[in-house]
Amino acid sequence: EHDLVNTPGWKFLRRYTRRAKHLRRLLNQTRRQAKNNVPCYKFGVQVPRNVKEAYALDKANGDTKWANAMDLEITQLKDYTAFEDAGKGRHALPRGFQLIHCHMVFDVKEDGRRKARFVAGGHMTQPPRDSVYSSVSSLQSIRTVSFLAELNELELMAADIGNAYLEAYTKEKVAFIAGPEFGPLQGHVMIIRN
């Protein structure tokens, strides 16, 4: 716009301006990288983006809150026997199983508790033929139930089932390689039970 590509020191950019699509792609990539590298805060607490950063934050803060959150998640997965150890190394992957990537997702609750969730890269498997819809209560439904309970002088109760997704079985034959959050099992091939 200001003809900077013809001034000394800027001429090397001339080839990029000829290809506007390529330039836009480079700019978007730079913005994404900058966004992914900026620290993320929630309720005044820095939220880590990966396990390595979680351990680094614990070390910097002089506590073990993120490590405890990861340990709690892994312990719950073990309690539900969500996976089984197939051995160390990629050669331990059984025939017919697909290797997928798994990682931790971190969050901070309103009361300051740290939360870590172990999630699988479902985008790496074929979509199931069955319905995968999971319904959620709408605000209108909750208001209607609350209104009816108040009219009929009923006691209204609510509940939350923690790790409810662990109660469901999978049809896919998938496995993952355990990361540092698994402690002594790091590097082992873990088969997700179906």
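As a reminder, the structure under discussion sits directly above these lines.
My aim in this report is to walk through the structure given alongside it, one point at a time.

Rules used throughout
- Residues numbered from 1 in each chain as written.
- Predicted model: local features only at pLDDT ≥ 70, side-chain atom pairs only at ≥ 80, totals over all residues.
- Heavy atoms only, no water.
- Pairing = 2+ DSSP bridges.
- Helix = DSSP H or I, 4+ residues; strand = E, 2+ residues; numbered from the N terminus.
- Buried < 20%, exposed > 50% of the residue type's maximum accessible area, 1.4 Å probe, protein only.
- Core = buried A, V, L, I, M, F, W, Y, C linked by side-chain atoms within 4.5 Å.
- Contact = heavy atoms within 4.5 Å.

1. Details of the sheet that holds strand 3 (residues 83–88)
Spatially, 3-8-7-4 is the arrangement adopted by the four strands of the open sheet, whose pairing is mixed. Only two strands of the sheet have a single neighbouring strand rather than two, namely strand 3 and strand 4 (98–99). Taken together, the three bridges between strand 7 (residues 174–177) and strand 8 (residues 188–192) define a ladder with antiparallel strand orientation. Counterpart to Phe 176 in the pairing with strand 8 is Met 190.

2. Description of unusual backbone geometry
Of note in this structure, Phe 43 is not a glycine but carries a positive phi near 55°. Residue position: Phe 43 is located in the loop between strand 1 (40–42) and strand 2 (45–47). For Glu 153, which is not glycine, the phi torsion reads 55° and is therefore positive. Tracing the backbone shows Glu 153 in the loop between helix 5 (139–151) and strand 7. For Glu 153, a relative accessible area of 74% translates into the label exposed.

3. Some details on the nonpolar core
If you look at the biggest cluster of nonpolar residues, it comprises 24 residues, and the most contacted ones within it are Trp 66, Met 70, Phe 83, Met 104, Phe 106, Phe 176 and Phe 182. When residues of this core are traced back to their parent elements, those giving at least two are strand 2, helix 3 (51–61), helix 4 (65–79), strand 5 (102–108), strand 6 (114–120), strand 7 and strand 8. The element that contributes the greatest number of residues to this core is helix 4, accounting for five residues. If near-sequence neighbours (up to four positions away) are discounted, Met 104 is found in contact with Val 51, Met 70, Glu 73, Ile 74, Ala 116, Arg 117, Phe 118 and Glu 181.

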